[in-house]
Amino acid sequence: MRKRLAIALGTALLIGWQVSATPQGVAQLVSAVKWDQPEDWFGGFSGIEVAADGVSFTALSDSGTLVRGVFERVSGAIQSVQILRSDDVQDRQGKIVKHYRRDTEGLAIQPDGRLFISFEGRHQVFSYDRPGGRGTGLNRHADFTKMENNGSLEALAIDQDNRLYTMAETPLSEWDGLPVYRFSMENWVHAFTLPERNGFKPVGADFGPDGKFYVLERKFNVIGFSSRVRRFDISGNEVSGEETLLRTTTGTHDNLEGLAVWEDEDGQVRLTMISDDNFMFYQRTEIVEYLVPAS
């Protein structure tokens, strides 16, 4: 992602962002906060999980750093971000030295604290008993090794039965739509396929408190990014009830890649998203939150 967009995004900086204050869809903007830290590893965030209290969070950088922190909220809106701890993501051998093997993209956490992280360049998902521990690679699906190095496993999600799901940013050419894979009996199976629409590519996913499957997608053009969030009803291998909750025009937000869906103290669904700045000075790390009104 970083290499193929660098020149185009540099051009976007000179042109200026086209910003829309009125995204399409029912989701309502609650807050959008720029997040800066002086650490060398800071940036490139591609995954986020938010605790039930809406305060504690875990974020994943695609440079192989796992961050735990808290949000300071005022009247429900995020005002600032505080880091409590950061850890290097490891594999079975320990700390990952080579950069291309540290391309960590997707993050999902079970209620018992077990973590799952997807590695785009390796086309594989690893499991972790705890943050900062050594990982165990899960068996690959046959499709995974045929995926693009820069368009592989971006999204991870866990449903209410603790089943793990993943999907690629760029599906294989033989697929009509966006295949979603479920980890079952120690192997990945093709669970269902989502409709592909308007050139948006999936980069994040989560199951909401309503049991629905939420997907964050992005599209890039020469002057920046647009984002979309859709949700679906999933019953076994069947998909229905497609809804577009949010669609932004180019430049409304930065490169949103991570999605967490949770329920606030008023029983309303919130979408918390984080952007990947590609470690480019002309982009920004942004934490964005939207409220989905009850039907």
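See the structure shown above.
Chemist: Any chance you could break down the environment of alanine 51 for me, citing the residues and the numbers?
Modeler: Its location among the elements puts alanine 51 in the loop between strand 2 (45–50) and strand 3 (56–61). Alanine 51 sits 62 residues away from glycine 113 along the chain, and the two C-alpha atoms are 11 Å apart. When neighbours within four sequence positions are excluded, alanine 51 is seen to be in contact with Ser56 and Trp262.

Chemist: Pulling in residues and values, what's your account of the sheet that holds strand 20 (residues 256–263)?
Modeler: In spatial order, the strands read 1-22-21-20; together these four strands make up an open sheet with antiparallel pairing. Either end of the sheet is taken by a strand with one partner, and the two such strands are strand 1 (28–34) and strand 20. With strand direction ignored, the average angle separating the axes of adjacent strands in the sheet is 15°. As defined by bridge partners, strand 1 adjoins strand 22 (residues 286–292) across six bridges and the pair is classed as antiparallel. Its bridge partner being in strand 22, leucine 29 is matched across the sheet by tyrosine 290.

Chemist: Explain the pattern of salt bridges residue by residue, including any values.
Modeler: Within the structure shown, the criterion is met by 22 salt bridges. Glutamate 217 serves as the salt-bridge partner of arginine 228, at 2.9 Å between the closest nitrogen and oxygen. Highlighted residues: arginine 228 in strand 18 (residues 224–235) and glutamate 217 in strand 17 (residues 213–221), separated in sequence by eleven residues. In this structure arginine 228 comes out as buried when scored by relative accessible area, which is 3%. Across the pair arginine 284 and aspartate 254 runs a salt bridge whose closest N-O atoms are separated by 3.6 Å. Linking arginine 284 in the loop between strand 21 (269–275) and strand 22 with aspartate 254 in the loop between strand 19 (238–247) and strand 20, this pair joins segments that are 30 residues apart in sequence.

Chemist: So what about the sheet that holds strand 15 (residues 187–194)? Which residues, and what values?
Modeler: Here four strands make up an open sheet; going across it, the order is 12-13-14-15 and the pairing antiparallel. Lying at the two open borders of the sheet, with one neighbouring strand each, are strand 12 (153–158) and strand 15. If you compare each strand with its neighbour and ignore which way they point, the axes differ by 30° on average. Both strand 12 and strand 13 (residues 164–168) contribute to a ladder of five bridges, which runs antiparallel. Bridge assignment links alanine 157 to a residue of strand 13, and that residue is tyrosine 165.

Chemist: I'd like a rundown of the pairing of strand 17, residues and numbers included.
Modeler: In this sheet, strand 17 lies alongside strand 16 (residues 201–207) in antiparallel orientation, the contact comprising six bridges. Among the inter-strand pairings, aspartate 206 is bridged to a residue of strand 17, identified as tyrosine 214. The turn joining strand 16 and strand 17, which pair antiparallel and follow one another in sequence, is formed by five residues; a positive phi near 80° is taken by glycine 211. Both strand 17 and strand 18 contribute to a ladder of nine bridges, which runs antiparallel. For valine 215, the partnering residue across the bridge sits in strand 18 and is arginine 230. Where strand 17 folds back on strand 18, the antiparallel hairpin that results is connected by two residues.

Chemist: Describe the packing of aromatic side chains, listing the residues and the values that go with them.
Modeler: In total, this model carries 17 aromatic pairs according to the counting rule given. With centroids separated by 6.1 Å and ring planes inclined at 55°, the aromatic side chains of tryptophan 41 and phenylalanine 42 adopt a geometry described as tilted. Accessibility expressed as a relative area gives 10% for phenylalanine 42, which makes it buried. For the ring pair tyrosine 165 and phenylalanine 213, a centre distance of 6.4 Å and an interplane angle of 45° mean the geometry is tilted. Taken together, the residues tyrosine 165 in strand 13 and phenylalanine 213 in strand 17 connect sequence positions 48 residues apart. For the pair tyrosine 165 and phenylalanine 213, one class covers both residues: buried.

Rules behind the numbers
Residues numbered from 1 in each chain as written. Predicted model: local features only at pLDDT ≥ 70, side-chain atom pairs only at ≥ 80, totals over all residues. Heavy atoms only, no water. Helix = DSSP H or I, 4+ residues; strand = E, 2+ residues; numbered from the N terminus. Contact = heavy atoms within 4.5 Å. Pairing = 2+ DSSP bridges. Axes fitted to C-alpha atoms, helices over the stretch in contact; angles between N-to-C directions. Salt bridge = Lys/Arg side-chain N within 4 Å of Asp/Glu carboxyl O. Buried < 20%, exposed > 50% of the residue type's maximum accessible area, 1.4 Å probe, protein only. Phe/Tyr/Trp six-rings, centres within 6.5 Å; stacked < 30°, edge-to-face > 60°.

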